[in-house]
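One letter stands for each residue in the lines below.
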Amino acid sequence: MSAVQSVDRALDVLEALAERGGEAALSEIAAGTGLPYGTIHRLLRTLLARGYVRQESDRRYALGGALVRLGGVAERMVGVWAQPYLRKMVELSGETANLAVLEGDFVVYVAQVPSPRRLRMFAEVGRRVLPHSTAVGKVLMADRPDAEVASLVERTGMPRRTANTITDLPSMLAELERVRERGYAMDLGEEELGVHCLAVGVRDGSRTVAALSVSGPAERIDALDRRELAEGMRRIARDFGAELGPSQAVGTA
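What you see is a predicted model; the values in this text were computed from it and never measured.

Some remarks on the side chain of Thr165
Alright, step 1. Mapped onto the elements of the fold, Thr165 is located in the loop between α6 (146-156) and α7 (169-182).
Alright, step 2. Note on Thr165: relative accessible area 5%, which makes it buried.
Alright, step 3. Among the polar contacts listed, one links the side chain of Thr165 to the backbone nitrogen of Thr162, at a separation of 2.9 Å.
Alright, step 4. Discounting chain neighbours no more than four positions away, the residues touching Thr165 are His132, Ser133, Pro159, Arg160 and Glu190.

Looking at the nonpolar core
Alright, step 1. If you look at the biggest cluster of nonpolar residues, it comprises 30 residues, and the most contacted ones within it are Leu86, Met89, Leu99, Leu198, Val202, Leu212 and Phe240.
Alright, step 2. Contributing elements (two or more residues each) for this core: α4 (66-93), β4 (96-103), β5 (106-113), β8 (195-203), β9 (208-217) and α9 (226-248).
Alright, step 3. Sorting elements by how many residues they give to this core places α9 first, with 7 residues.
Alright, step 4. With near-sequence residues (within four places) excluded, Val202 lies in contact with Arg207, Thr208, Val209, Ala210, Leu212, Ala237, Phe240, Gly241 and Leu244.

Here we look at the sheet that holds strand β1 (residues 23-24)
What holds strands together in a sheet is hydrogen bonding between their backbones, with the strands either parallel or antiparallel.
Alright, step 1. In spatial order, the strands read β1-β3-β2; together these 3 strands make up an open sheet with antiparallel pairing. Two strands lie at the open edges of the sheet, namely β1 and β2 (53-55), each paired on one side alone.
Alright, step 2. Bridge count for β1 against strand β3 (residues 61-63) is 2 bridges, and the pairing is antiparallel. Bridge assignment links Glu23 to a residue of β3, and that residue is Ala62.
Alright, step 3. In the packing of helix α3 (residues 37-50) onto the sheet, contacts are made with β2 and β3, and the angle to β2 comes to roughly 100°.

A look at the environment of Asp58
Alright, step 1. Among the structural elements, Asp58 can be located in the loop between β2 and β3.
Alright, step 2. There is a polar contact of 3.1 Å between the side chain of Asp58 and the backbone nitrogen of Arg60.

A short note on the pattern of salt bridges
Alright, step 1. For the coordinates displayed, the defined rule picks out 23 salt bridges.
Alright, step 2. Across the pair Glu190 and Lys138 runs a salt bridge whose closest N-O atoms are separated by 2.7 Å. Separated by 52 residues along the polypeptide, Glu190 in the loop between β7 (185-188) and β8 and Lys138 in helix α5 (residues 135-142) bring together distant segments of the chain.
Alright, step 3. For Lys138, a relative accessible area of 0% puts it in the buried group.
Alright, step 4. Taken together, the shared-partner salt bridges connect Lys138, Glu175, Arg178, Arg182 and Glu190 into one network.

With respect to α7
Alright, step 1. With 14 residues, α7 ought to run about 20 Å at 1.5 Å a step, and its terminal C-alpha atoms sit 20 Å apart, in line with that.
Alright, step 2. If you check which residues of α7 are buried, you get Met172, Glu175, Leu176 and Val179. One side of α7 carries all its buried residues, which in axial view fall inside an arc of 100°. Away from its buried face by more than 90 degrees, α7 exposes Pro170 and Glu181.
Alright, step 3. Structurally, α7 contributes buried residues whose contacts are with α5, α6 and β7.
Alright, step 4. Directly after α7, the chain includes Gly183, whose backbone phi takes a positive value near 85°.

Re the packing of α5 against α7
Alright, step 1. At their nearest, the axes of α5 and α7 sit 9 Å apart, and the two run at 80° to each other. When the axes of α5 and α7 are compared, the pair comes out roughly perpendicular. Contacts from Lys138, Val139, Met141 and Ala142 in α5 reach Met172, Glu175, Leu176, Val179 and Arg180 in α7.
Alright, step 2. Taken together, the residues that form the contact of α5 with α7 break down as 6 nonpolar, no polar and 3 charged.

The rules we used
- Residues numbered from 1 in each chain as written.
- Predicted model: local features only at pLDDT ≥ 70, side-chain atom pairs only at ≥ 80, totals over all residues.
- Heavy atoms only, no water.
- Helix = DSSP H or I, 4+ residues; strand = E, 2+ residues; numbered from the N terminus.
- Buried < 20%, exposed > 50% of the residue type's maximum accessible area, 1.4 Å probe, protein only.
- Polar contact = N/O pair within 3.5 Å; in protein donor to acceptor, adjacent residues only side chain to side chain.
- Contact = heavy atoms within 4.5 Å.
- Core = buried A, V, L, I, M, F, W, Y, C linked by side-chain atoms within 4.5 Å.
- Pairing = 2+ DSSP bridges.
- Axes fitted to C-alpha atoms, helices over the stretch in contact; angles between N-to-C directions.
- Salt bridge = Lys/Arg side-chain N within 4 Å of Asp/Glu carboxyl O.
- Expected span 1.5 Å × (residues − 1).
- Arc of directions from axis to C-beta.
- Parallel < 35°, antiparallel > 145°, perpendicular 65-115°, else oblique.
- Nonpolar A, V, L, I, M, F, W, Y, C, P; charged D, E, K, R; others polar.

In structure tokens:
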């Protein structure tokens, strides 16, 4: 393998692990990358030595701790890059704008621009929440196959946050299908009563790598034209995704 090809294939291995929830057997990596076993073994030896991959006691491979430092720095940078786009969403909606990514089984808020209004919503940057009760979580899950969503909620459960929270898999899968059809997700008091949220995905071409949202008091969000708001947010998300580009996109693990 050439040096460039080796890097490309090593990244394929890391992405295959990420797409399987952070760990996988050798056969699963091979299926996900299409690479020969011998090639994968050579790549894994280097990744293991550098700490980017670890081998578990059951001989499965998992993403390693060295990625934590890179991921943290990347998230901070993406949060900086997102600021002008979040400000545009505040101007569009009058409400607080957020950027979130899916890390493992959790949604993490990585950037925010608050509403100028006195009564406004806050999602603390760095806060981790389960995806089933948030609009950003629904957008990120909607980009994944139903089987992957089922595996995720099997691991995390779907605890009831409010009386409006979706807490069973069939209802969630139906909700995600609606998200795919209309191109945006809603949280109608499912995470916190009295707070509504609308979210759209940020794509790097083939994948949804992050979610942009606006959130505010239910009566103010409900007074907005959802379709018009969602279309404006999708335009902003497309511009942000174009800036990230395939070579700079937020990683999801």
